[in-house]
Amino acid sequence: METIVIVGGGAGGLELATRLGNSAAKTGRARVVLVDRWPTHFWKPLLHTVASGKHDPQVMAIDYAAQAAEHGFEFARGEVLGVDREARRVALAPWIADDGAEVLPARSIGYDKLVLALGSVTNFFGVPGAGQHVLTLDDVAQAETFRQRFIDGCIQASARQAAGAQEPGIDIVIVGGGATGVELAAELSHSARALARYNVHAMDPVRHVRIRILERGPLLLPHLHQRLSKRAARHLRALGIKVLLDTAVARVDAGAVIDTDGGIYPSAITLWAAGVQAPALCATLGLGTNRLRQIAVGPSLQALDDANVYAIGDCANVLCPILGKVPPRAQAAHQQALYLAQVLGQASPLDAPFAYRDYGSLVSLGPLAAVGVLTHSSGRKYAVGGALARLLYSLMYRKHQVALHGVVRMSAQTVADWIREKLSPSVRLH
Ligand SMILES: Cc1cc2nc3c(=O)[nH]c(=O)nc-3n(C[C@H](O)[C@H](O)[C@H](O)COP(=O)(O)OP(=O)(O)OC[C@H]3O[C@@H](n4cnc5c(N)ncnc54)[C@H](O)[C@@H]3O)c2cc1C
């Protein structure tokens, strides 16, 4: 029986492990092992809602061990440090508990087929000071750090204001006007209002919680049509968010962001959302990579340099004949997981190449609005906005839940989430 090891239990990896567990592992055709550095899965496109305090990651996270037991695969917790491709073994770092005690020593897992689904990390593009002075949204821990700093910062600024500070309020700078930056800014603006309602701070949430987005290009959301980009900018400005376009960051200091024209933007909290690249591990495996360290794969998602290694999601450089380079998106990771489940998990494996289909893109503008495009199978694009777009945006997460748990459990979860929302504060207060 062959062993399939999947490294990374994110949008692509966990769906693939679940599908392969249900098909190949439960029927005894393969042993499937999922490896991740964390014990739980959180769907990355919702990380900005953790950072703003809207969602509690503890409630929404999926336990890998429980998912594995239910779907017939194994889960091994640990950070992968390297791969011995000759011996076909994946090397895991020791697992160290929060109190510093070693839970498990360094170990390795053998494989016949290896799937790398390592996701991506923030790309600072070499901007001085960015690595030291900014926060990022790469995982739940970082989103939680941002949330804590945001709440603490509002409390401190409010206290300074009450003591008669000359410059009242708090400045937050988001670098990057793509989907992550725009979605976070909109959610933060709503959280600042909610925190004022709960008397966590006593500031004017618009005048004194100053949120700025710095975007180097002439438009927000450059992947959308110009009309939608302008609509998103208008919506953010109406919320009181300052949108600065054609503003490239030259340097980040401890309390300020400096642009290439010498403009200085005070910043108590700076979040970098200006681009991603594959994790450093990808460049150490002896496999061909591009300048973003993404692993070069062929039409069946097999690494060009090793037929036993596959790569999916943000860490893979997938080129499709018609649409070109596949973007780092959850919908791409999902489609690739679906494809590999058919290639690796079926008794008579799929023989066709992977074909990416772009279903469009939706960007949330807070709890009640979104903008985006939906792409028909004919290639025709339809612009959507407002509450309908927001509803469609929410369905993306429900679709992910269906892939992992099925329709019945997703429906029960939706009802439970709705009840929880009605019973809890609209923003996490501690
Ligand atoms: C705020 C935000 C909003 C987004 N919104 C959207 C959206 O609206 N639509 C959309 O399509 N996409 C969106 N994206 C992008 C989307 O989240 C990613 O494209 C998608 O999650 C990629 O899936 P993946 O499986 O490749 O990696 P991930 O989901 O990032 O998972 C990678 C996994 O690998 C694990 N891992 C990494 N390195 C190691 C290691 N060395 N050892 C062990 N485990 C490791 C990580 O712990 C993680 O669990 C958004 C991203 C962000 C941050």
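Residues numbered from 1 in each chain as written. Predicted model: local features only at pLDDT ≥ 70, side-chain atom pairs only at ≥ 80, totals over all residues. Heavy atoms only, no water.

As annotated in an unreviewed UniProt entry, the protein chain carries the name NADH dehydrogenase FAD-containing subunit and comes from Massilia genomosp. 1.

A.B. asks: Explain the pairing of strand β17 (residues 256-259) to me, please; I cannot follow it from the model alone.
C.D. replies: If a strand is regular, its side chains alternate between the two faces of the sheet. Taking every second residue as pointing to the same face, both faces of β17 are buried, with Ala256 and Ile258 on one and Val257 and Asp259 on the other. Looking at chain direction, strand β16 (residues 249-252) and β17 are connected through three bridges and run antiparallel. Paired with Arg251 across the strands is Ile258, a residue of β17. Hairpin connection from β16 to β17: three residues lie between these consecutive antiparallel strands. Taken together, the three bridges between β17 and strand β18 (residues 264-266) define a ladder with antiparallel strand orientation. By the bridge assignment, Ile258 is partnered in β18 with Ile264. In sequence, β17 turns back onto β18 through a hairpin of four residues, with Gly262 there showing a positive phi of about 90°. (Buried < 20%, exposed > 50% of the residue type's maximum accessible area, 1.4 Å probe, protein only. Helix = DSSP H or I, 4+ residues; strand = E, 2+ residues; numbered from the N terminus. Pairing = 2+ DSSP bridges.)

A.B. asks: What am I meant to see in the UniProt feature "domain: FAD/NAD(P)-binding" (unreviewed entry) in the protein chain here?
C.D. replies: UniProt feature "domain: FAD/NAD(P)-binding" (unreviewed entry): in the numbering of this structure it lies at residues 3-337. Between the C-alpha atoms that bound residues 3-337 the distance is 17 Å, and the span itself is 29% helix and 27% strand. (UniProt positions renumbered as here; feature names shortened; annotations may be inferred.)

A.B. asks: Can you walk me through the side chain of Asp36 in this structure?
C.D. replies: Mapped onto the elements of the fold, Asp36 is located in strand β2 (residues 30-36). Summary of buried charges: Asp36 has no salt-bridge partner, and the nearest side chain of opposite charge, Arg37, is 5.9 Å away. A distance of 2.6 Å separates the side chain of Asp36 from the backbone nitrogen of Gly9, its partner in a polar contact. Separated by 3.3 Å, the side chains of Asp36 and Tyr64 make a polar contact. Those residues in contact with Asp36 that lie beyond four places of it in its chain are Gly8, Gly9, Gly10, Tyr64, Phe75, Ala76, Arg77 and Gly78. (Lys, Arg positive; Asp, Glu negative; His and termini not counted. Salt bridge = Lys/Arg side-chain N within 4 Å of Asp/Glu carboxyl O. Polar contact = N/O pair within 3.5 Å; in protein donor to acceptor, adjacent residues only side chain to side chain. Contact = heavy atoms within 4.5 Å.)

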